[in-house]
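This is what each chain is made of:
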Protein chains: 2
Amino acid sequence: MRANGSKPIPQVVFPLTPYGPISRRFASDKPTIIPHNPLPPPGRRSRVLHYFLKSATYLGIFIGVGTVFVVAFFVYDASTYREDLSAGDIPVSELALAPRRGGPKNLPIIEHFIDDDESEHSRAQKHKPKLVILGTGWGSIGLLKELRADDYHVTVVSPSNHFLFTPMLPSATVGTLELRSLVEPVRRIISRVHGHFLKGAAQDVDFSAKLIEVSAMNSTGQEERFYLPYDKLIVGVGATTNPHGVKGLEHCHMLKDINDARQIRNHVIQNLETACLPTTSDEERRRLLSFVVSGGGPTGVEFAAELFDMLNEDLCKYYPKLLRNEISVHVIQSRSHILNTYDEALSCFAEARFAHDQVDVLTNSRVKEVQADKIIFTQKDENNNVITKEIPMGFCLWSTGVSQNPLCKTIADKLGDQQNNRHALITDTHLRLNGTPLGDVYCVGDASTVANNASDHIVNFLQTLAWEKGKDPKTMQISFADWRQVAKRVRQRFPQAAGNLKRLDKLFEQYDKDRSGTLDFAELHELLRQIDAKMTSLPATAQRANQQGVYLARKLNKLAQARHGLDLNEVEYGDLDDAIYKPFEYRHLGSLAYIGNAAVFDFGGGIGFSGGLLAVYLWRSIYFTQSVSLRTRVLLAMDWGKRALFGRDLMNF
Amino acid sequence: MRANGSKPIPQVVFPLTPYGPISRRFASDKPTIIPHNPLPPPGRRSRVLHYFLKSATYLGIFIGVGTVFVVAFFVYDASTYREDLSAGDIPVSELALAPRRGGPKNLPIIEHFIDDDESEHSRAQKHKPKLVILGTGWGSIGLLKELRADDYHVTVVSPSNHFLFTPMLPSATVGTLELRSLVEPVRRIISRVHGHFLKGAAQDVDFSAKLIEVSAMNSTGQEERFYLPYDKLIVGVGATTNPHGVKGLEHCHMLKDINDARQIRNHVIQNLETACLPTTSDEERRRLLSFVVSGGGPTGVEFAAELFDMLNEDLCKYYPKLLRNEISVHVIQSRSHILNTYDEALSCFAEARFAHDQVDVLTNSRVKEVQADKIIFTQKDENNNVITKEIPMGFCLWSTGVSQNPLCKTIADKLGDQQNNRHALITDTHLRLNGTPLGDVYCVGDASTVANNASDHIVNFLQTLAWEKGKDPKTMQISFADWRQVAKRVRQRFPQAAGNLKRLDKLFEQYDKDRSGTLDFAELHELLRQIDAKMTSLPATAQRANQQGVYLARKLNKLAQARHGLDLNEVEYGDLDDAIYKPFEYRHLGSLAYIGNAAVFDFGGGIGFSGGLLAVYLWRSIYFTQSVSLRTRVLLAMDWGKRALFGRDLMNF
C-alpha cells in the first residue's frame, strides 16, 4: 500500500509487502484514514500476480534468513575443530595402574580407576559409595538419566558400549531407519554423572565380599577376569530369546541387538539377489522369497510389517517384477490372535490389515522344528485336531519371548530356594534381589520379575470399600456386575493379568461353588489368588525396564540425601528402602505396534486406537519423544525424510 | 529509510516491513509523495527495538514459510506409502527359467533373463547387442551414468551391489561420515539404462566363444557357475592391495571396501575400550594406542589425519584423559616424502601439518615384517645406512599401492605375450584389451594400464613445432630453457611422469653426451624414451577410472548410432573404434588430500594450494559435487552437520 497525497492527513500504515499491509499488530488505536490510494483497485491488477509477488517476497525472506542460519552453522562448525593439542601430565594413582589381587579366586580387585584422579571433580567422587550397574539397556539408562550427579562413584559394565532403542529395532532390519539412529554411546550418557565404563561381561557375583567377577577381552584378544567391588549393585543385564526347546534355531535370526538387525538386512537382500540369478529354479526362488516370522508379539508383527513395506515399496523399483509376485510373508503364532497382549479389537484390526497386505497369519500354531530350507509346525484346526504342516522358507525370524541369560542363571543357582523362577530373577516390590543382603543388590528390566501380591492388593481394596459402605466384607455378596468392576480394576492395575480375565462369566460360574448367583468374599479371594498365581510377571518391555530404572534412580537420590542423617544416627541396618521411598509401582502407559502403513495403540483399560497413515505419524512421534537424546531424534527425523525422498537402500555389506 | 516532513518532496517508498523499505525491486516509474509520516523520528524510537522487531518479523516469515515446506513434505511423504498391491502375471520366457547348457565346461548359458519380457520396454531391448560390465567401481559407474539408454542390453556383474565413493572412505573409518553415505545401490544406477544386475564374480572369459564364466552363491549357499554371453565386454574389476611380499599382513587392515572401513572403526574403538580396562598394563596401553599406517599416499595420509582428528576431538570428551596422552600415530613411507606424487611444496606442507599434530612421519622406510604386536621396518639414515627399527603397535593399516586381482591374472595368463605387465592388463589407447578380438573387450580403471607412447607424442609435437618455425628438427639444438618448456609439457600431458622429471638439470647434463650445453634432437628423443619406459601407467585413481568409463560410454553411444549405417554397408571388420571416436586421453584435473583440519590441492603443472579450514570446506565441496547421486549428497551434508553438532559416535558393533 502506498500513501500518496498532498494533504497532511494523519495515517498509520504498516505495510509488510509492497502491495498491502498484512499485519496490524503494531497499529495504534487511532483509526487509519487514507485519503488517496495510488494503487489501482484490485480488479485492475491481476490477483495472480499479486499473490505471486507476495509469495516471492516471503520466499526471498525465507531464503535470506535460511542463509543466515547456514552461515551461522558454518561458523559454529568451524569452531568445533580442535587445534589446541596441549595435554598436561595426568595424575594416576599407583593402585589404578597395579591393582592388588584377592577375593576367592585371587583375581585383581579394581578399587581405583585410571581416571579417578584426573580432575578435582573426579577426586571428589573417588570415595563416594560405589554404584555398579550391569548392562546398558532400558533399565540402566533410565537410571543413569535420572540419577543425580556426584552422589555415587558410578561404574557401568556391559559387553556393548551403546544403548539401543529396542522398540524401533524392527525398522532397522530393512533400512527404514539406520542402525546408528537407534543407538547412543553409553559413555556420552554416563558422562553426566561422571561415571566410568568398562566393556566387559559380569560372570558371577560374590554377595558377601561384595565383588563382581567381570570378564573382558584383554590387549592380546584373550579373556581376562577381574573383581569389581560394589556398595550398591544394579543388575540390568536383560534376557535372551526363549528357544522353547525347538530344534534347529541355528537356522533362525534373533532380533535382540544391532548386529542382529544388520545380519537380517544382509540376509534379506542376499535372498533377493540370489532370487535374481538366472540359475535359480522357480521353486527355489519361491523358497528364497518365503519369509517366516515365528512369534506374533509386537517384535514379530512389526518386523513382518516392515519387511512387507520394503518388499512392497522398494523392491519393485529395482528388482525384476517376477520377484514381487513370488514373495510370501508368514507369521506363526501359538495363540489364537497376533498381538494377544493387546485389546482383542486391536488384534483383529492388525489381522485384517495383514490379510489385506497378503501377510499370511497362522494362529494356534507351534513350531516343531526349523530346518535349513523349511519350518515344520503343528496347527490346531477348528475341531482341535492337531495337524503337522511345513512351509519352505528362505528366512526365519525367531521372536518368541524371553528367557534367563547366563549371569541370571548363575545368580539364581547361587541363591537357591529364594530364586525359583526359571525365567527371571525375583525381586521384592523395592526391586531388591530376593536372597541378598537388604539394600545391596537391585534388579531391573527383563532380567527380573517383581513378586506381586495382586490378590492381597485387590482384597484389601475391596475390604476398605465394603467397610466404607457400611457392609461387613465377611458377609458381603458379590454379583456378576460387581465382579466385572473388580475385574476391570485388576486389569487396569495389573495389565499382565488381562489374559487370565477374558471369560469373566466362565470364571464367575467356576468359583460360584454354591451356585448362588453371587460370590461371597472367600470365593472371590480364592478366584483372585488363582489369577495371581497364573500372572507370571510384569511385561518384558522397554516401558517396564525404564520405569524401574527411573524408580531406582529416585530412590538412590533419596538415599544419598538421607545418608548424612543416617550416618549421624548410626542407622546401618533395617529396611532403609522402605523407610525412605515407596515401593515400585508399574504404570502401564499403553502398547503400540506398527502394522504396515497403519498402527495400533492400546492405552490399557480397553482404550485403544487403530488407523492408517495418521496413526503411523502418531506412532513415530511417540517414539520420537521417547528417544534417548537430541542426537537420536535428529537422526530419526533425517531417516524418515530419507525414506520419503530416496526409499530404502537395498544393499548388503 | 523513513520519510518524514511536511513538504511535498517526491519520494519513492517500498516498505517491506513496518519500519522501512528494504527493496526497490517493484518500484513504479511515478514517484510517490508522502506528505506526513505518523511514525516518530528515528531518534525517539529505540534503534535496538527497531532491529529487534525487524528481525522478529523476518524470523516469523521464515518460520511460516518453513512450516509450509514441512507440511508439504509430510503431504509428499504420505504419498510415498504404497497401498495398491495389484500385481498381474509377469510373462517370463521359458529359456530364462531353464537355460540351455553348453560352452567348454557345459555350464548353463544365460541368454535370457527373468525380467527380459516383463514390459514393452524390456522386450524391445532384449535383442540389442549384449553389453556386459564386470565390476561396480568408478569405471563401470562412469560408463553407466553416461551411456544412452536403450542402445544395449546391459548386464552388470559384480560381487557387490553398491558403488562406493572411494575417495572419502578414510572419513568413514572413524565415523566422520557414515558408511551408507558413501555407497549407492548399483541397481538404482542401472535402472536408467534398463539394465540387469547379477551378484556374482567373473572367474574367466572365453574370448572366442564370447562367454564369461561367472560364479555366484546359489540358494543353498554353495558356489554355482554359469556362462554369460557378451557382444561387448567391459572389464572394470579393480585391483587388490599390493602386499609387496611382506610377511604378516594378516595383522593389518586394508582399506578397499565398505566392510574394511567398518572393521577398522570397530578395531580402533575396541582398542580404546581395552585401553580403559583396569587390568591393562601401562606398556600394553601404549601399544594398543599406537596406530601405524604403512604407505604415505593419499589413502594412508587421509586415514592418519582422520584418525588423529577423532582421537583429538572426540576421545577426550568421553574417555579417560590418560588415553589421549599415550596415543601415537605413525606413518611409514618408503619415499623421501609423504604424498610423493604431489608437488613437493604440498608434501612439505602436509609434513609440517603432521609434525604440528604430533603424527610421526617415518620417511625412507620399508616395512620388513608385521607381527601381531609390532611392526618391523628398515630406515635409511642421512648417510644411507640401513637401520632396522620396530614400533609396538595395536593397529596397522596397509595402503601401499595396487596389485592385479585374480580375474586379471587369469586373463593375462591366457593372453600370454600380449599381456606382460605384472600389475595390470594392458590396453591400447582405445582401451581395448591387447590380445583380444578388436572391439570386443575393453578394460578400465585400476585393472588396466594404457600403453602410452609419450616420447613419440612429444617428439611428434616438437617436430611439428620445428617445421612450423622453419627449422629442420634434425639439426635443431635444444637449450636448457627449451628443455624446461618440453618438460613442463610432458608433466601436463602425462602427470604420472612428473616423478621422473624432478631434477631437470641433472637429466639435461646426463643426456647432453657431447657436453655442448644443448641437446640435439636424437639426445632429446633418447631422454624422453627413457622417461617413457620409467613411466609405468596412469595413476590408479578414481579420476582416471571415471574418465575411462565416461570415454567408453561416449564411444559406445557413437557405435550404436553408427551401427545401422555400418550394417547397411556390411562393415564388420576393421578398426571401427578408431574410425568412429578419438583415442582415450587422460586429463589430470588435480589431486586433493585431507590432512587434519587442513587440505592440499595439486592441480598439476606446479599449481597447488594448501590451507586450513577454508581448504577443508573446499575439499568437501569438490567431493560433494563429485558425489554420485542426490541421495549421497544429502547424506554427506547431513553427516558433516552431525559431526559438528554431536561429534563422532564412538561405538563398535
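Thresholds, definitions, all that
Residues numbered from 1 in each chain as written. Chains lettered and ligands numbered in written order. Predicted model: local features only at pLDDT ≥ 70, side-chain atom pairs only at ≥ 80, totals over all residues. Heavy atoms only, no water. Helix = DSSP H or I, 4+ residues; strand = E, 2+ residues; numbered from the N terminus. Buried < 20%, exposed > 50% of the residue type's maximum accessible area, 1.4 Å probe, protein only. Contact = heavy atoms within 4.5 Å. Areas by Shrake-Rupley, 256 points an atom, 1.4 Å probe, with all protein chains shown as cover. Buried area = accessible area lost by both parts, 1.4 Å probe. Salt bridge = Lys/Arg side-chain N within 4 Å of Asp/Glu carboxyl O. Polar contact = N/O pair within 3.5 Å; in protein donor to acceptor, adjacent residues only side chain to side chain. Nonpolar A, V, L, I, M, F, W, Y, C, P; charged D, E, K, R; others polar. Least-squares fit on C-alpha atoms with pLDDT ≥ 70 in both. Pairing = 2+ DSSP bridges. Axes fitted to C-alpha atoms, helices over the stretch in contact; angles between N-to-C directions. Parallel < 35°, antiparallel > 145°, perpendicular 65-115°, else oblique. Patch = residues over 30% accessible without salt bridge, like charges linked within 9 Å, V, L, I, M, F, W, Y side chains within 5 Å. Lys, Arg positive; Asp, Glu negative; His and termini not counted. Charge placed at Lys NZ, Arg CZ, Asp CG, Glu CD. Domains from an automatic or database assignment. Phe/Tyr/Trp six-rings, centres within 6.5 Å; stacked < 30°, edge-to-face > 60°. Lys NZ or Arg CZ within 6 Å of the ring centre and 35° of its normal. Right-handed = clockwise from strand over helix to strand, strands pointing away.

A. Layout of the overall build of chain A. A tally of regular secondary structure across chain A gives 20 helices and 28 strands. Among the 653 residues that make up chain A, the fraction classed as buried is 54%. Long-range contacts, defined as pairs at least 24 residues apart, comprise 63% of the intrachain contacts of chain A with a sequence gap of at least 6. For chain A, the accessible surface area stands at approximately 28800 Å², while carbon and sulfur atoms represent 53% of it.

B. Up close: the interface of chain B and chain A. Across the contact, 126 residues belong to chain B and 127 residues belong to chain A. When chain B packs against chain A, the two sides together hide about 11600 Å² of surface, and 62% of this comes from carbon and sulfur. At the junction of chain B with chain A, the criterion picks out 14 salt bridges. A salt bridge links aspartate 649 of chain A to arginine 180 of chain B; its shortest N-O distance comes to 3.8 Å. At the junction of chain B with chain A, the criterion picks out 35 residue pairs in polar contact (both at pLDDT 80 or more). Element by element, the count of residues in the side of chain B that touches chain A is highest for helix 1 (residues 47-79) of chain B, at 14 residues. Per-class residue counts for the side of chain B that touches chain A are 68 nonpolar, 26 polar and 32 charged.

C. Main features of the relation of the copies chain B and chain A. If you rotate chain B by 180° and push it 0.0 Å along the axis, it lands on chain A with an RMSD of 0.2 Å. Within this description, the copies of the chain are treated as partners about a two-fold rotation axis. Relative to the rotation axis, the C-alpha of phenylalanine 62 of chain B is the closest in chain B, positioned 2.2 Å from it. In this assembly, 94% of the residues forming the interface of chain B have copies in chain A that are likewise at the interface, indicating an isologous arrangement.

D. Looking closely at the sheet that holds strand 27 (residues 599-602) of chain A. Residues and elements named next belong to chain A. Strand order in this open sheet of three strands is 26-27-28, and the pairing throughout is antiparallel. Taken across any chain shown, the strands that pair with only one partner, and hence form the sheet edges, are strand 26 (591-594) and strand 28 (608-611). Direction aside, neighbouring strands of the sheet carry axes that sit 5° apart on average. Pairing analysis gives four bridges linking strand 27 to strand 28, with the strands arranged antiparallel. Paired with aspartate 602 across the bridge in strand 28 is glycine 608. The strands touched by helix 19 (residues 613-626) are strand 26, strand 27 and strand 28; relative to strand 27, the strand with the most contacts, the crossing angle is about 60°.

E. Spotlight on the packing of helix 20 (residues 630-646) of chain A against helix 20 (residues 630-646) of chain B. Orientation of helix 20 of chain A relative to helix 20 of chain B, taken along the N-to-C sense of each, is 175°, at an axis distance of 12 Å. In terms of axis orientation, helix 20 of chain A runs roughly antiparallel to helix 20 of chain B. Between helix 20 of chain A, through Leu630, Arg631, Val634, Leu635, Met638, Lys642 and Phe646 of chain A, and helix 20 of chain B, the contact on the second element is made entirely by Leu630, Arg631, Val634, Leu635, Met638, Lys642 and Phe646 of chain B.

F. Representation of a positive patch on the surface in the model. Together, Arg335, Arg366, Lys380 and Lys502 of chain A line one region of the surface with positive charge. Here arginine 366 of chain A shows up in strand 16 (residues 365-370).

G. Expanded view of the pairing of strand 23 (residues 395-398) of chain B. Residues and elements named next belong to chain B. Side-chain alternation along strand 23 places Phe395 and Leu397 on one buried face and Cys396 and Trp398 on a second face that is also buried. Across four bridges, the pairing between strand 17 (residues 290-294) and strand 23 is parallel. Across the sheet, residue phenylalanine 291 finds its bridge partner in strand 23, namely phenylalanine 395.

H. The arrangement of the domain arrangement of chain A in detail. In terms of domain boundaries, chain A breaks down into domain 1 (99-159 + 200-238 + 405-452 + 539-573), domain 2 (252-401 + 618-646) and domain 3 (453-536). For domain 2 of chain A and domain 3 of chain A, the distance between their C-alpha centroids amounts to 40 Å.

I. Summary view of the pattern of salt bridges. Going through the model one piece at a time under the given rule, you end up with 67 salt bridges over all chains. Residues arginine 353 of chain B and aspartate 357 of chain B are paired through a salt bridge, measuring 3.8 Å at the closest nitrogen-oxygen approach. Comparing arginine 353 of chain B with aspartate 357 of chain B shows no difference in burial state: the two are buried. One salt-bridge network, held together by shared partners, links Glu178, Arg265, Asp639, Lys642 and Asp649 of chain A together with Arg180, Glu184, Arg188 and Arg631 of chain B.

J. How the structure looks around the environment of phenylalanine 69 of chain A. Within the secondary structure, phenylalanine 69 of chain A sits in helix 1 (residues 47-79). A residue is classified by how much of its surface remains accessible, and phenylalanine 69 of chain A, at 42% relative accessible area, is partly exposed. Those residues in contact with phenylalanine 69 of chain A that sit more than four places away from it in its chain are Leu59 and Phe62 of chain B.

K. Structural view of the packing of aromatic side chains. Enumeration according to the criterion identifies 29 aromatic pairs over all chains in this entry. Centroid distance phenylalanine 62 of chain A to phenylalanine 69 of chain B: 5.1 Å. Interplanar angle 40°. Geometry classified as tilted. Here phenylalanine 62 of chain A, found in helix 1, pairs with phenylalanine 69 of chain B, found in helix 1, and the two come from separate chains. Seen in terms of ring centroids, phenylalanine 624 of chain A and tryptophan 640 of chain A are 6.5 Å apart; in terms of plane orientation they differ by 45°. Their pairing is tilted. In this pair, phenylalanine 624 of chain A sits in helix 19 while tryptophan 640 of chain A sits in helix 20, placing the two residues 16 residues apart along the sequence. Looking at phenylalanine 624 of chain A, the relative accessible area reads 29%, which means it is partly exposed. Here the aromatic cluster, defined as three or more aromatic residues joined through ring pairs, consists of Trp138, Phe163, Phe165, Tyr594, Trp619 and Tyr623 of chain A. Above the plane of the ring of tyrosine 319 of chain A lies arginine 187 of chain B, whose end atom (NZ or CZ) is 3.8 Å from the centre.

L. Local environment of unusual backbone geometry. All names here are of chain A. At glutamine 358, a position not held by glycine, the phi torsion is positive, near 60°. Positionally, glutamine 358 belongs in the loop between helix 11 (344-356) and strand 15 (359-362). Here glutamine 358 falls in the exposed class, since its relative accessible area comes to 52%.

M. Summary view of a nonpolar patch on the surface. A cluster of nonpolar side chains, Phe603, Ile607, Phe609 and Leu618 of chain A, forms an exposed patch at the surface whose accessible area comes to about 350 Å². A residue is classified by how much of its surface remains accessible, and phenylalanine 609 of chain A, at 38% relative accessible area, is partly exposed.

N. Region of the structure containing helix 4 (residues 138-146) of chain B. Of all nine residues making up helix 4 of chain B, seven are buried, and the element is well covered by its neighbours. By the burial criterion, the buried members of helix 4 of chain B are Trp138, Gly139, Ser140, Ile141, Gly142, Leu143 and Leu144 of chain B.

O. The arrangement of the sheet that holds strand 16 of chain A in detail. Residue and element names in this part refer to chain A. Spatial strand order, 16-17-18: three strands in an open sheet with antiparallel pairing. Of all the strands in the sheet, just strand 16 and strand 18 (386-392) have a single pairing partner and so form its edges. With strand direction ignored, the average angle separating the axes of adjacent strands in the sheet is 25°. When strand 16 meets strand 17 (residues 374-380), the two strands line up antiparallel, connected through five bridges.

P. Structural context of the pairing of strand 18 (residues 328-332) of chain B. Residues and elements named next belong to chain B. The element strand 18 is extensively covered by neighbouring structure, given that four of its five residues are classed as buried. Of the strand pairs in this sheet, strand 17 and strand 18 are connected by five bridges, and their pairing is parallel. Within strand 18, the position partnered with phenylalanine 291 by the bridge is valine 329. In this view, the connection linking strand 18 to its parallel neighbour strand 19 (residues 359-362) by way of helix 11 (residues 344-356) has right-handed handedness.

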